[in-house]
Amino acid sequence: MKWEGNRESDNVEDRRSDGGGQGFGGGGLFGGRSIGIGTIVVALVGGWIFGINPLTILGLLSGGGSPAQVQQQAPAQRPPADDRAAKFVSTVLADTEDVWTDLFAKSGSTYQKPRLVLFRGGTPTACGQGQAAMGPFYCPGDQKVYIDLGFYETLQNKLGAPGDFAQAYVIAHEVGHHVQNLLGISARMDRMRGRVSTADYNILSVKLELQADCFAGVWANHAQSTRQILEQGDVEEAMNAAAKIGDDALQRSGGGVVVPESFTHGTSAQRQRWFDTGLKNGSVKACDTFSARNL
C-alpha cells in the first residue's frame with residue numbers, strides 16, 4: 001500500500017501512556033456488533049477464537065445498567081512524530097476523511113470527521129470502559145474509533161491476515177460504522193433492540209457489519225482512483241482478512257461447531273463479497289445490505 005508521505009490526520013489522540021491496562025490480549029476483532037447507541041460497537045464474535053464468551057464481554061460492557069461515565073481527559077496528545085505505526089493509522093484515517101468528505105459533499109451533506117484513539121490495555125469511552133481484548137471498535141456516543149495497535153500482531157500472527165492493506169481495512173471498516181452513525185442507520189438499528197427476536201436481531205447485525213465492509217470497499221475504490229494507493233497484492237490482503245474474520249471461520253478456528261443462527265458479522269464469503277462490492281462500485285447505494293435479497 002502506498003501511504004508514506006501522504007497527509008496525516010490531526011484527529012488522532014494518543015492515550016497509550018495513560019496506563020490503561022495490560023495491552024492487547026486477544027478476544028475480539030474489528031467490525032463488532034452494535035449493542036446500542038449507549039454502548040460500544042464492539043467485536044463480540046471474535047471472542048470465540050480465544051475462548052471468551054461474547055455474552056460475557058457484553059455483560060462487562062453493560063455492567064447491568066447505564067454505561068460508565070467517561071473520566072475527564074487531559075488535552076488530546078498527538079502520537080510521536082517518529083512512531084511509524086501511529087503514522088500509518090493517521091495516514092489511513094486522513095485518507096478516509098478525504099474520501100468521505102468528498103462523498104458527503106456530493107450528496108449535499110457535511111462529513112463530521114471521527115477521532116481515532118490509540119490506547120493500550122483499556123480506556124474510558126462515552127460507551128463504557130473499552131478494553132483491548134475487544135479488538136478495534138467504534139463508539140457512536142463520542143464518535144471515536146478506538147484501537148490498541150497490538151491488535152495488528154493478533155491479526156497477522158493469530159488470524160493469519162498480514163499486510164498493511166489488511167490493517168487499513170480494519171480502520172476503514174470502523175470508519176464505516178461512523179458513516180452508518182452519521183446516516184442514522186445505527187440509530188434505526190438500535191431502535192429494533194427488544195422489538196425483534198434475538199435471531200432476527202442477529203440477522204440485522206450481520207447486515208450492519210456487511211454494510212461497514214462495503215463502505216470500507218467504497219473508501220478503497222475512491223482512494224485508488226484519486227491517489228493510486230494500491231500495490232500488487234493489496235486487495236488480496238483485504239480479502240484474506242475478510243475471510244479470516246467471517247463468523248463461520250472464527251467458529252471453526254475456535255474448535256467449535258458452526259452455528260449460523262448465532263452469526264452477527266456474516267460468513268467469510270459474505271464479508272469478502274460486500275467488501276468487493278464497495279471496491280468495484282464505489283457507490284454508497286450499492287451497499288444497501290438491508291434491502292439485499294441475498295447477502
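Our subject is the structure that appears above.
J.: Sorry if this is basic, but what is going on with the packing of aromatic side chains here?
T.: Here a ring pair, both rings aromatic, is described through the centre-centre distance and the interplanar angle of the planes. Using the criterion set out here, one finds ten aromatic pairs in the structure. Each ring, one from W100 and one from F104, has its centre 6.4 Å from the other, and the planes form 80 degrees; the classification is edge-to-face. Of this pair, W100 and F104 both sit in helix α2 (residues 84-106), four residues apart, roughly one helical turn. Like F104, W100 is buried. With 5.0 Å between their ring centres and 15 degrees between their planes, F137 and Y146 make a pair best called stacked. Exposure class is identical for F137 and Y146. Each is buried. Among the aromatic residues, those joined into a cluster by ring pairs are W100, F104, Y111 and F215.

J.: Would you mind showing me how to read the environment of S9 here?
T.: Looking at where S9 falls in the secondary structure, it is placed in the segment before β1 (12-14). Given the relative accessible area of 0%, S9 is considered buried. On a C-alpha basis, the gap between S9 and K113 in space is 9.9 Å, while along the polypeptide they are 104 residues apart.

J.: What exactly am I supposed to notice about the sheet that holds strand β6 (residues 144-147) here?
T.: In a beta sheet, neighbouring strands are held together by backbone hydrogen bonds and run either parallel or antiparallel to one another. The four strands lie next to each other as β1-β2-β6-β5, forming an open sheet whose pairing is mixed. Looking at the sheet topology across the chains shown, the edges are occupied by β1 and β5 (137-139). In this sheet, neighbouring strand axes are inclined to one another by 25 degrees on average, regardless of whether the strands run parallel or antiparallel. Pairing of strand β2 (residues 115-118) with β6, which is carried by four bridges, proceeds in the parallel orientation. The residue of β6 that forms the bridge with L118 is I147. Against the sheet, helix α4 (residues 164-182) contacts β2, β5 and β6, and its axis sits at roughly 25 degrees relative to β5.

J.: I'm lost on the state of the cysteines in this one. Help?
T.: In a disulfide, the sulfur atoms of two cysteines are held together by a covalent bond. For the structure shown, the criterion picks out two disulfides. Disulfide pairing places C127 opposite C139 at an S-S distance of 1.9 Å. Because the sign of the S-S torsion sets the handedness, a value of about 90 degrees for the bond joining C127 and C139 places this disulfide among the right-handed ones. Of this pair, C127 sits in the loop between β3 (122-125) and β4 (128-131) while C139 sits in strand β5; the two residues are twelve residues apart in sequence, bridging distant segments of the chain. There is no split in this pair, since C127 and C139 are both buried.

J.: Sorry, what's going on with the nonpolar core here?
T.: Within soluble globular proteins, side chains that are nonpolar generally end up buried alongside one another. Core analysis: the biggest nonpolar cluster contains 54 residues, and M1, W100, L116, Y152, F165 and W219 have the highest contact counts within it. Those elements that place two or more of their residues in this core are α2, β2, β6, α3 (151-157), α4, α6 (198-227), α7 (234-244) and α9 (268-281). Those residues in contact with W100, other than ones at most four positions away along the chain, are Y111, V175, V179, F215, V218, W219 and V284. With eight residues, the next largest nonpolar core counts V117, F119, M134 and F137 among its residues.

J.: Honestly, the side chain of T123 in this entry has me stumped. Any pointers?
T.: Turning to its location among the elements, T123 is positioned in strand β3. Taking relative accessible area as the criterion, T123 reaches 3% and is therefore assigned buried. A polar side-chain atom of T123 sits 2.7 Å from a polar atom in the side chain of R15. With near-sequence residues (within four places) excluded, T123 lies in contact with R15, G128, Q129, G130 and Y146.

J.: Explain unusual backbone geometry here, please?
T.: Residues apart from glycine generally show negative phi values, whereas peptide bonds are mostly found in trans. Here the phi dihedral of Q143 falls at roughly 55 degrees; this positive angle occurs in a residue that is not glycine. Note on placement: Q143 falls in the loop between β5 and β6. Residues other than glycine seldom take positive phi values, yet Q228 does so here, at roughly 50 degrees. Note on placement: Q228 falls in the loop between α6 and α7. Judged by relative accessible area, which is 41%, Q228 ranks as partly exposed.

J.: Looking at this structure, I do not really get the pairing of β6. What am I missing?
T.: On a regular strand, each side chain points to the face opposite its neighbour's, so the side chains alternate between the two faces of the sheet. Burial along β6 is two-sided: the residues K144 and Y146 and V145 and I147 are all buried. Linking β5 back to β6 in an antiparallel pair, the connection comprises four residues, with Q143 at a positive phi of about 55 degrees.

J.: Whenever I open this one, the packing of α7 against α9 confuses me. Can you help?
T.: A packed helix pair is summarised by two numbers, namely the angle formed by the two axes and the spacing between the axes. Put simply, α7 and α9 touch, their axes get as near as 7 Å, and they point 145 degrees apart. As α7 packs across α9, the resulting crossing turns out to be right-handed. Along the contact surface, α7 presents V235, A238, M239, A242 and A243, while α9 presents S268, R271, Q272, F275, D276 and L279. Residue composition of the contact of α7 with α9, by class: seven nonpolar, two polar and two charged.

Rules and cut-offs
Residues numbered from 1 in each chain as written. Predicted model: local features only at pLDDT ≥ 70, side-chain atom pairs only at ≥ 80, totals over all residues. Heavy atoms only, no water. Phe/Tyr/Trp six-rings, centres within 6.5 Å; stacked < 30°, edge-to-face > 60°. Helix = DSSP H or I, 4+ residues; strand = E, 2+ residues; numbered from the N terminus. Buried < 20%, exposed > 50% of the residue type's maximum accessible area, 1.4 Å probe, protein only. Pairing = 2+ DSSP bridges. Axes fitted to C-alpha atoms, helices over the stretch in contact; angles between N-to-C directions. Contact = heavy atoms within 4.5 Å. Disulfide = S-S within 2.5 Å. Core = buried A, V, L, I, M, F, W, Y, C linked by side-chain atoms within 4.5 Å. Polar contact = N/O pair within 3.5 Å; in protein donor to acceptor, adjacent residues only side chain to side chain. Left-handed = near helix turned anticlockwise from the far one by under 90°. Nonpolar A, V, L, I, M, F, W, Y, C, P; charged D, E, K, R; others polar.

Note that every value here comes from positions in space, so none of it alone points to a role or purpose.
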